[in-house]
Amino acid sequence: MKFSCTSAALAKLSTMESLDLIKRHGSTHYANIHYGYYVLGVIVFYVLFLMLMRRVIPTRYTKISPWKNKLLQSIRTASPIFHLPLLAVLVFAPFIHHYSFIGNISVYIKRLGRLGYVLVILNVLLTLRPVNPILGFNYLDFIPLHKWLSRFITVLGLCHGIAFIIKWSVNSDVSVKSKVTALYNFIGVIAFLPLFAILFLSIRPYRRHNYNVFYVVHQLAQWSMVFLIPIHARPKVTVPYFLCLLAIYIWRAFSYCYYANTVNITQRIKQDQSLSYIKVERGNIRDWLPGSHLRISKHKKTNPLYWLTPTKPYTIASLPDENQVDLIVREKAVPYVTVGEYTVVDVYNTVSPSFLYDSQRVAIVVGGSGISFGLGVFKFLQARNLEYLKFIWLVKDKDDLHILNHCNVDVNDIEVYVTRSFPDDDTQTKSHDTNNNNSNSSAFDDIDFELENMDESGALLSNDPKMPPNIHFGKRLDWQVDLAHFIETHALENTWLVCCGPESLLKDGQNYANQNYCNFVKEFYNL
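All values reported here derive from a predicted model rather than from experimental measurement. (Residues numbered from 1 in each chain as written. Predicted model: local features only at pLDDT ≥ 70, side-chain atom pairs only at ≥ 80, totals over all residues. Heavy atoms only, no water.)

1. Section: the pattern of salt bridges
Consideration 1: This model, assessed by the stated rule, comprises 12 salt bridges.
Consideration 2: Of the charged contacts, one joins Arg60 and Glu493 as a salt bridge, the two residues approaching to 3.2 Å between their closest N and O atoms. In this pair, Arg60 is assigned in the loop between helix 2 (33-56) and helix 3 (66-76) and Glu493 in the loop between helix 16 (479-482) and strand 14 (495-501), connecting sequence segments 433 residues apart.
Consideration 3: The class for Arg60 is buried, based on a relative accessible area of 16%.
Consideration 4: A salt bridge links Asp287 to Arg282; the nearest nitrogen and oxygen atoms lie 2.5 Å apart. (Salt bridge = Lys/Arg side-chain N within 4 Å of Asp/Glu carboxyl O. Helix = DSSP H or I, 4+ residues; strand = E, 2+ residues; numbered from the N terminus. Buried < 20%, exposed > 50% of the residue type's maximum accessible area, 1.4 Å probe, protein only.)

2. A look at the sheet that holds strand 5 (residues 324-329)
Consideration 1: Taken in spatial order, the 6 strands line up as 4-3-6-1-2-5 in an open sheet, and their pairing is antiparallel. The sheet is open, and its two edges are formed by strand 4 (312-315) and strand 5, each paired on a single side. Going from strand to strand, the sheet's axes swing by 40° on average, the running direction of each strand aside.
Consideration 2: With 6 bridges joining them, strand 2 (residues 276-281) and strand 5 adopt antiparallel strand pairing. Along strand 5, the bridge assignment pairs Tyr277 with Ile328. (Pairing = 2+ DSSP bridges. Axes fitted to C-alpha atoms, helices over the stretch in contact; angles between N-to-C directions.)

3. Things to note about the nonpolar core
Consideration 1: In this structure, Tyr117, Leu119, Leu122, Phe142 and Leu149 are the most contacted members of the largest nonpolar core, which totals 54 residues.
Consideration 2: Only helix 2, helix 4 (80-92), helix 5 (105-126), helix 6 (143-169), helix 8 (183-201), helix 10 (211-232) and helix 11 (238-258) provide two or more residues apiece to this core.
Consideration 3: The dominant element in this core, judged by the number of residues it contributes, is helix 5, at 13 residues.
Consideration 4: Every residue in contact with Leu119, bar those within four places of it in the chain, is listed here: Val39, Ile43, Val91, Leu149, Phe152, Ile153 and Leu156.
Consideration 5: Counting 40 residues, the second-largest nonpolar core is a separate cluster that includes Ile328, Val377, Val416 and Ile471. (Core = buried A, V, L, I, M, F, W, Y, C linked by side-chain atoms within 4.5 Å. Contact = heavy atoms within 4.5 Å.)

4. Structural notes on the pairing of strand 3 (residues 293-297)
Consideration 1: Of all 5 residues in strand 3, 5 are buried; the element is thus mostly enclosed.
Consideration 2: Every second residue of strand 3 is oriented toward a common face, with His293, Arg295 and Ser297 on one face and Leu294 and Ile296 on the other, all of them buried.
Consideration 3: In this structure, strand 3 lies alongside strand 4, joined through 4 bridges in antiparallel fashion. Following the sheet pairing, Leu294 is matched in strand 4 by Tyr314.
Consideration 4: Where strand 3 meets strand 6 (residues 340-348), 5 bridges bridge the pair, whose relative direction is antiparallel. The partner of His293 across the bridge, within strand 6, is Tyr348.

5. Structural notes on the packing of helix 2 against helix 4
Consideration 1: Direction vectors running N to C along helix 2 and helix 4 enclose 145°, while the axes themselves pass 10 Å from each other. Seen along the crossing, helix 2 lies across helix 4 with a hand that is right-handed. On the side of helix 2, the interface is formed by Tyr35, Tyr38, Val39, Val42, Phe45, Tyr46, Phe49 and Leu50, while helix 4 contributes Phe82, His83, Leu86, Leu87, Leu90, Val91 and Phe92.
Consideration 2: For the contact of helix 2 with helix 4, the residue count by class is 14 nonpolar, 1 polar and no charged. (Left-handed = near helix turned anticlockwise from the far one by under 90°. Nonpolar A, V, L, I, M, F, W, Y, C, P; charged D, E, K, R; others polar.)

6. Focus on helix 8
At 3.6 residues per turn, the α-helix brings residues three or four places apart onto the same side.
Consideration 1: The terminal C-alpha atoms of helix 8 lie 28 Å apart, and with 19 residues this matches the ideal 27 Å at 1.5 Å per residue to within 8%.
Consideration 2: At Phe192, helix 8 shows its strongest bend, of approximately 30°, with the proline Pro194 following within four residues.
Consideration 3: Within helix 8, burial applies to Asn185, Ile187, Gly188, Ala191, Phe192, Pro194, Leu195, Ile198 and Leu201.
Consideration 4: Where the residues of helix 8 are buried, they touch helix 6, helix 7 (176-181), helix 9 (204-209) and helix 10. (Expected span 1.5 Å × (residues − 1). Bend = angle between axes of the 7 residues up to and from the residue.)

7. A closer look at the pairing of strand 14
Consideration 1: With 7 of 7 residues buried, strand 14 is to be regarded as a mostly interior element.
Consideration 2: The side-chain alternation of strand 14 yields two buried faces, one formed by Thr495, Leu497, Cys499 and Gly501 and the other by Trp496, Val498 and Cys500.
Consideration 3: In the sheet, strand 7 (residues 361-367) pairs with strand 14 via 6 bridges, with the strands oriented parallel. Within strand 14, the position partnered with Val362 by the bridge is Trp496.
Consideration 4: Pairing of strand 14 with strand 15 (residues 519-524), which is carried by 6 bridges, proceeds in the parallel orientation. Its bridge partner lying in strand 15, Leu497 is registered against Phe520.

Treat this as a map of the structure, not an account of what it does.
In structure tokens form, the structure reads like this:
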């Protein structure tokens, strides 16, 4: 009897609370709860869709129409051109439902805010490292989609806030100032300010020249969004959305600490304006796959700046069984690292294991500091005795070749193209233009020396055992000629072209791979 009375009292209290909410917020107060669950379901479906498409769509172009190939690769590579519209259609399909849009405008303004917060779960998932839970992908694959999804979420928040201000402004019985400064609403304003700032700071020209400012604001924006919106939102978004985000952030913080190691940079070699060689002690850095990169911070884990400021990525040119970690970079006037103590946050594998272990015919074409990506892959594949393996390095100036003196590599298998006479970048190539003068030798300062030491093909005849025997001066790479023996139609499934360098090189490499139906691996370096 006592238990029954207690239950009745609790039920009455719950009813009174519900009636109080209805009085203050109207009968639509919980109207968006189920929509939030729907968006969460869309995220689960979308993640499964990504993993399935990554598995079933071929990694290379096949002999179907070009537009079908482009569409399939857009789906497989998580291109925002396809995936952002897909997400928009999925989340907006039932957006206006059950409630009249005009008569219940507040419902849909609130719905925009809830939609933005739930999508943060997906956005954070896309950036997880060192291992991304979306199988088949790494965090670099998702950077373009992450950028555009972030902008989409920011626009949703902007529309949510502006729409409420307009709604309050047109109602003569409501004070906009009192609404904005009300505690929960004001917390929402505070959460949104860094998001609004990042919308402009993420514009490419500003981001490239003021990346540190962009990154700090980016960190503040995501933290404010994740931790302040649960206080601002009514009804609450704590369960399950905030709890999901909290679990992800705990895992991220754990990996950011657990895998980090303090190491010493023991050597840094640079000649004039050439590439720099950096030697890092092996220490306790965990093993990596060829083509991986590590991220270095100037700060200790206990320093708040370790969490707030960006780390610097460096591709590893050595293999994990070597005694040191080799880095090759083209540094600015003020180098990020010198000889001394730093924190290696972790190593990040970005190359597909199927390429490393199943490939049979591989051509590696890299430009400038892109050799750091190519060397590790090249040395690993040399040990596999492939049917075909070729390494081509494009550089602006022959002074860059000093790097090879410090790396544990057999230079006899490296072919070098010195393109100093072509000023745009260090990856000038020739795909189809047969009218270019490939020898334009008059642009060289030391032309007499070079002419005396070249064979009939234009390759420099070097007697230095530390220099590659095949060095071409004033000659662009001609993909069709210089890779004439690369493509075999019976082995396309296991044929891979690897490119690393600026956009001009990657574009030429992508076109060559597409035209010849071979697999393509690329890594962008802004040299």
